[in-house]
Amino acid sequence: MTEALKKSMYDLIVETSTKLPKDVRRAIAAAKAKENAGTRAAMSLATITNNIKMADENISPICQDTGMPTFKIKTPVGVNQIEIKKAIYWAIEEATKDGKLRPNSVDSLTGANSGDNLGAGTPVIKFEQWENDYIDARLILKGGGCENKNIQYSLPCELEGLGRAGRDLDGIRKCVMHSVYQAQGQGCSAGVIGVGIGGDRTTGYELAKEQLFRSLDDENSNEQLKELEEYVMENANKLGIGTMGFGGETTLLGCKVGVINRIPASFFVSVAYNCWAYRRLGIKINAATGDVTEWLYQEGEEIDFSEQAEQAEDKVANKTREVVLQAPITEEQIRELKVGDVVTINGMMYTGRDAIHKHLTTNDAPVDLDGQIIYHCGPVMLKDDAGNWKVAAAGPTTSIREEPYQGDIMKKFGIRAVIGKGGMGPKTLAALQEHGGVYLNAIGGAAQYYADCIKSVEGVDLMQFGIPEAMWHLKVEGFTAVVTMDSHGNSLHADVDKSSLEKLEQFKEPVFK
Ligand code: SF4
């Protein structure tokens, strides 16, 4: 069955990376319907739905961060799990070569990228035996931006805005509400949370992640947990964090809670936060032939976003200015920008992630960055038949990781704008004010939408850091982002954090007895 099994695993990976499941589409469509036209949240959701449609059409990754591939596989007794592992390794390598997965496996000590998504601990494969006669294989691709917003609470504990969380259902409720607050927009909200109650530190997180394999439409069979899920869905959306943390009606698309036993001394509540690019699918495989017999998560209506033809350019009408920028940008131009302005960029920008930022602190830049724009992005790149680089997916990555370096680098090289997602902290905000710079928030996960704005790859430097970490020179047209931190000391991220903390305080009082 090896060839058929290899193909089944390859198809599972490609479909998961490029096609959002039906239940997630419905949740995003419902979120979109709730936002008022013309708001930043509405514009973000229009970009997201456009992006989903483009990924469908191009069979390309929905988001450039194809995450940590995690397989959950149930096999009948007697099936050779080693053969399944080999088929998965082969499929992962092929999907990476074909640009359906970004090379994401790096040596934790040296940072060296294995280039094929294989390496110690990657991919994650979990086997279980069962008494059915077919193989059930499920895959989740969960990116780093949202993985970094996972959180684990050890009860009892004190929570900002909520006070003491005790060892009871009400304490659990407080932890879950807090987990949504602490994620803000950094995990590419609106998100889905999987919650694991109990276990130890390891099994608690495993249980939380396992909840993300549930359908968004299912009902918890445990009455108490069902009530908790409904409570969180209703109230977390009152925090006003919204899509990308821009403020808005929908912060959460789903909440799924599971429980396992613990030892008396420990009481953990573990939360796995997943972004809107909630990529998980599954297949049933004929154990004798290796062929797919059924695709999972196929229930209900399929939303075709191409029928909802609103453009992402459905700007924040009447509320913001729209400004066109082309590098090199002057300090004067930057100082005119204010939080909330929508910026359209034409011309050059340069990618830079963790390795580049660290490198630039002690080295010269390979190009003149005076007046230029840095894009926090680790793209999926492919070579065409003529050997030229093409961008397969290129959305923004989480910017806060560059907080220790960003301000100094902007000042050192004269960089005027950085684009990323999730916002940055006080050190960068102070540098923007002092030096004359802006932070532009692009829509996290909109990798196809932004790839389409990239008209050519003009060069690349520092390839020794691997494809996602290299400095790509990109020529763009009509690349849209929102000013969320300006040179006057304003930060939309700080404002939304403050207002959502105030709203969180209303959930302090006990709800579950
Ligand atoms: S949508 Fe955002 S959090 Fe999710 S994988 Fe993409 S960049 Fe990461």
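All of these numbers come straight from a predicted model, not from anything done at the bench.

Moving on: the pairing of strand 7 (residues 191-197). The side chains of a regular strand alternate between the sheet's two faces. The element strand 7 is largely enclosed, with a buried count of seven among its seven residues. Burial along strand 7 is two-sided: Gly191, Ile193, Val195 and Ile197 and Val192, Gly194 and Gly196, pointing in opposite directions, are all buried. Bridge count for strand 7 against strand 8 (residues 252-259) is seven bridges, and the pairing is parallel. When the bridges of strand 8 are listed, Ile197 appears paired with Val259. With six bridges joining them, strand 7 and strand 9 (residues 268-274) adopt antiparallel strand pairing. Bridging from a neighbouring strand, Val192 pairs with Asn274 of strand 9.

When we look at burial in helix 12 (residues 426-435), the residues that qualify are Thr428, Leu429, Ala431, Leu432 and His435. Mapping the buried residues of helix 12 onto a view down its axis gives an arc of 160 degrees, with all of them on the same face. For helix 12, exposure combined with an orientation more than 90 degrees from the buried face picks out Pro426 and Glu434. As for helix 12, its buried residues are in contact with helix 9 (331-336), helix 11 (403-413), strand 18 (438-441) and strand 20 (471-485). Residue Gly436 follows helix 12 closely and has a positive phi angle near 90 degrees.

With respect to topology, five strands assemble into an open sheet ordered 2-1-3-10-11, the strand pairing being mixed. In the strand order of this sheet, the two ends are held by strand 2 (124-130) and strand 11 (292-295), each with one partner. Between one strand and the next, the sheet's axes are offset by a mean angle of 20 degrees, whatever the strand orientation. As judged from the three bridges shared by strand 10 (residues 279-286) and strand 11, these two strands associate in the antiparallel manner. Paired with Lys284 across the strands is Glu294, a residue of strand 11. Across the sheet, helix 1 (residues 2-18) touches strand 1 (68-76), strand 3 (134-142), strand 10 and strand 11, and the angle it forms with strand 10 is around 160 degrees.

Here we take up the UniProt feature "domain: Fe-S hydro-lyase tartrate dehydratase alpha-type catalytic" (unreviewed entry) in the protein. The UniProt record marks residues 7-282 with the feature "domain: Fe-S hydro-lyase tartrate dehydratase alpha-type catalytic" (unreviewed entry), using the residue numbering of this structure. Helix and strand shares over residues 7-282 are 38% and 22% respectively, and the end C-alpha atoms of the span are 14 Å apart.

When two helices pack together, their arrangement is given by the angle between their axes and by how far apart the axes lie. Remark: helix 11 packs on helix 12, axes separated minimally by 8 Å, with the N-to-C direction vectors making an angle of 10 degrees. One finds that helix 11 runs roughly parallel with respect to helix 12. Residue-level contacts link Glu403, Pro404, Gln406, Gly407, Asp408, Met410 and Lys411 of helix 11 to Pro426, Lys427, Thr428, Ala431, Leu432, Glu434 and His435 of helix 12. Of the residues in the contact of helix 11 with helix 12, the class split is five nonpolar, four polar and five charged.

Not every one of the 13 residues close to the ligand is listed here, only the nearest: Cys63, Cys188, Cys275, Arg279 and Gly445. In terms of residue class, the shell around the ligand is made up of six nonpolar, four polar and three charged.

One turn of the α-helix equals 3.6 residues, which is why residues spaced by three or four share an orientation. Regarding helix 10 (residues 354-362), the residues found buried are Ile356, His357, His359 and Leu360. Projected down its long axis, helix 10 shows its buried positions confined to an angular sector of 165 degrees, all on one face. The exposed set on the far side of helix 10, more than 90 degrees from its buried face, consists of Lys358 and Thr362. Elements in contact with the buried residues of helix 10: strand 14 (373-375), helix 11 and strand 20.

Take the pairing of strand 3 next. Taking burial as the measure, the nine residues of strand 3 include seven buried ones, the bulk of the element. Where strand 1 meets strand 3, seven bridges bridge the pair, whose relative direction is antiparallel. Counted as the bridge partner of Phe71 is Leu139 from strand 3.

Conventions used here
- Residues numbered from 1 in each chain as written.
- Predicted model: local features only at pLDDT ≥ 70, side-chain atom pairs only at ≥ 80, totals over all residues.
- Heavy atoms only, no water.
- Buried < 20%, exposed > 50% of the residue type's maximum accessible area, 1.4 Å probe, protein only.
- Helix = DSSP H or I, 4+ residues; strand = E, 2+ residues; numbered from the N terminus.
- Pairing = 2+ DSSP bridges.
- Arc of directions from axis to C-beta.
- Contact = heavy atoms within 4.5 Å.
- Axes fitted to C-alpha atoms, helices over the stretch in contact; angles between N-to-C directions.
- UniProt positions renumbered as here; feature names shortened; annotations may be inferred.
- Parallel < 35°, antiparallel > 145°, perpendicular 65-115°, else oblique.
- Nonpolar A, V, L, I, M, F, W, Y, C, P; charged D, E, K, R; others polar.
- Near = heavy atom within 4 Å.

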